[in-house]
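# What the coordinates show
Letter by letter, the chains look like this.
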There are 2 protein chains.
Amino acid sequence: MRNLLMKVNYDGTHYDGFQTQPQGNTIQDRLEQAILHLTGEALKITASGRTDAGVHAYGQPFNFITSSQIPLERWCLALNARLPQDIVVTEAKEVPLSFHSRRGAKRKTYRYTINGNRFPDPFQRRWQHHHPLKLDIMAMQQGLAHLVGTHDYTSFASRKSTKTSHVRTIYEAYMEIDRSMCRPGSDDQGVIHTYITGSGFLQHMVRIIMGTLIQVGERKYQADKVADILAACNRAAAGPTAVAKGLALWSVEYDEDNS
Amino acid sequence: MRNLLMKVNYDGTHYDGFQTQPQGNTIQDRLEQAILHLTGEALKITASGRTDAGVHAYGQPFNFITSSQIPLERWCLALNARLPQDIVVTEAKEVPLSFHSRRGAKRKTYRYTINGNRFPDPFQRRWQHHHPLKLDIMAMQQGLAHLVGTHDYTSFASRKSTKTSHVRTIYEAYMEIDRSMCRPGSDDQGVIHTYITGSGFLQHMVRIIMGTLIQVGERKYQADKVADILAACNRAAAGPTAVAKGLALWSVEYDEDNS
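Procedures and definitions
Residues numbered from 1 in each chain as written. Chains lettered and ligands numbered in written order. Predicted model: local features only at pLDDT ≥ 70, side-chain atom pairs only at ≥ 80, totals over all residues. Heavy atoms only, no water. UniProt positions renumbered as here; feature names shortened; annotations may be inferred. Helix = DSSP H or I, 4+ residues; strand = E, 2+ residues; numbered from the N terminus. Buried < 20%, exposed > 50% of the residue type's maximum accessible area, 1.4 Å probe, protein only. Polar contact = N/O pair within 3.5 Å; in protein donor to acceptor, adjacent residues only side chain to side chain. Arc of directions from axis to C-beta. Contact = heavy atoms within 4.5 Å. Patch = residues over 30% accessible without salt bridge, like charges linked within 9 Å, V, L, I, M, F, W, Y side chains within 5 Å. Areas by Shrake-Rupley, 256 points an atom, 1.4 Å probe, with all protein chains shown as cover. Salt bridge = Lys/Arg side-chain N within 4 Å of Asp/Glu carboxyl O. Lys, Arg positive; Asp, Glu negative; His and termini not counted. Charge placed at Lys NZ, Arg CZ, Asp CG, Glu CD. Least-squares fit on C-alpha atoms with pLDDT ≥ 70 in both.

### Considerations on the UniProt feature "domain: Pseudouridine synthase I TruA alpha/beta" (unreviewed entry) in chain A
Residue and element names in this part refer to chain A. Following the UniProt record, one finds the feature "domain: Pseudouridine synthase I TruA alpha/beta" (unreviewed entry) at residues 8-101 and 145-255. Helix makes up 20% of residues 8-101 and strand 27%, with an end-to-end C-alpha separation of 13 Å. Across residues 145-255, helical content stands at 20% and strand content at 29%; the span's end C-alpha atoms are separated by 26 Å.

Below, the structure written as structure tokens:
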């Protein structure tokens, strides 16, 4: 028996999220079907976490115990040949049998992408939230800074969250602006990527943070109101949940070098 | 009557090219339908040139004569509201009645994109030719350099070309490598963009150039063989036609400042 850790990139547009669902249209279902087809094993994979319907991922880790003798270097190509084109396995390695890709995850980074240019980008539209109205990026960055640290993030969690504690740590959060697709002389604002790295994330947490920061960017909220929202520990205090398609799991880090 | 010059970005994946076809599934058909819906005018637009089925464009110019009184600044949003999401009009300006977007085009640039990384990119796969085999990029660049200048490009034109002369000028041609999505420590080659700027292009010209350069990259042809292929003036001498999806019209330049 071997414990294999893999990484998968996916365009989540057409899926109901990562975690298996009765209808079967999830990333996990597709991966397990590909493994079944390849090895004959009807096994369950473990991932670093869930993603919502429509959310994307770059290098999302997952692992599973297999008795298959297929050499490590063959797994990616063999699985990709059995997966739809919007799901691509990019790494496979053997890890200790005790390794668990969810429990072992120490830091996760999500990226949320806003296209602030006047017009949507037909090439990137499936993974950008198009927001052509003027955004005060400096104010958004100030608001974002209030969220770094160890806090109770109840205000930024879905009301459906079943977690007993909403205390998490955000280690780092920053925004980056890509102006490469701005039309010269236009009022295009560029493509705004927000990266948030934390110990773990509650359901909808990044999307509620982004929905709140967009309110700050539109000057409907002062930047410092984000601190008040955090302190309120009340979902009703925060802004709306930003659309799923702008969100991507960007990276997951483990202790030691078994990531 | 006004002559309006516009620019359009499109993901050509699901279309039969730019130019109108009896089945009606072209970019031109979609643009003319949107104009008809907006203004009631059943007019014909003129573009800077055709693109093949599956080819993309960034800022492709087109123009048309209209009697509509709609103010200039409203056209883009009004047309985009009537276009599918993979076609986006990004600029509209008034030009002299004599302006013709095909006849006036002085320089056109195409970009061809090869994903040389081991695995396809689920996000960019619709506009990248995936070629994970090792490519000798230096040799490809040497081969490409032989094509710059004024030449008879019969070897790089579709046999179906009906043009009386195959003499064109390539002003500039270069390759650029984006390694941002390479996995650390892997044999990923990066994403290789080839930009070719010329006075005009024959049917399939950029794709046959790229199919030939890929043969050079795979060391099936010596780089200097490209000069022999050019001199042969025979389509059979060149390599295969590279897949359409890697190709995008990148820019079109006009004399004066009416581009």
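Moving on from the model shown.
### Quick notes on the environment of Ser186 of chain A
Residues and elements named next belong to chain A. Within the fold, Ser186 resides in the loop between β8 (167-178) and β9 (191-198). On the accessibility criterion, Ser186 (27% relative accessible area) is partly exposed. As a C-alpha pair, Ser186 and Asp136 span 50 residues in sequence and 17 Å in three-dimensional space. Within the structure, Ser186 has its side chain in polar contact with the backbone oxygen of Arg183 (distance 2.6 Å).

### Quick look at helix α3 (residues 137-145) of chain A
Residues and elements named next belong to chain A. Taken together, the buried positions of α3 are Ile137, Ala139, Met140, Gly143 and Leu144. All buried residues of α3 fall inside an arc of 155° around its axis, so they share one side. Away from its buried face, by an angle of more than 90 degrees, α3 presents the exposed residues Met138 and Ala145. Where α3 is buried, its residues touch β5 (105-115), β8, β9, α4 (205-217) and α5 (225-232). N-cap assignment for α3: the residue whose side-chain oxygen lies 3.3 Å from the backbone N of Met138 is Asp136.

### What to know about unusual backbone geometry
Residues and elements named next belong to chain B. One non-glycine residue, His204, adopts positive backbone phi at about 70°. Residue position: His204 is located in the loop between β9 (191-198) and α4 (205-217). For Arg219, which is not a glycine, the phi torsion comes out positive at approximately 65°. Relative to the elements of secondary structure, Arg219 occurs in the loop between α4 and α5 (225-232).

### A look at a positive patch on the surface
A cluster of basic side chains, namely Arg50, Arg102, Arg103 and Lys163 of chain A, defines a positive patch on the protein surface. Checked against the element boundaries, Arg103 of chain A lands in the loop between β4 (87-95) and β5.

### Comments concerning a nonpolar patch on the surface
The grouping of Met1, Ile65 and Leu97 of chain A at the surface amounts to a nonpolar patch, some 340 Å² of accessible area in total. Along the chain, Leu97 of chain A falls in the loop between β4 and β5.

### A closer look at the environment of Val191 of chain A
Residues and elements named next belong to chain A. With respect to the helices and strands, Val191 occurs in strand β9. As for Val191 and Pro122, which are separated by 69 residues in sequence, their C-alpha atoms are 13 Å apart. With near-sequence residues (within four places) excluded, Val191 lies in contact with Thr113, Ile114, Asn115, Asn117, Gln128, Glu176, Ile177 and Asp178.

### A word on the relation of the copies chain A and chain B
Least-squares fitting of chain A to chain B yields an RMSD of 0.0 Å, with the transformation described by 0.0 Å of translation along the axis and a rotation of 180°. Here the symmetry operator amounts to a two-fold rotation axis. When C-alpha positions in chain A are compared against the rotation axis, the closest is assigned to Gln124 of chain A, at 4.3 Å. Same-surface contact between copies: 100% of interface residues of chain A are shared with the interface of chain B.

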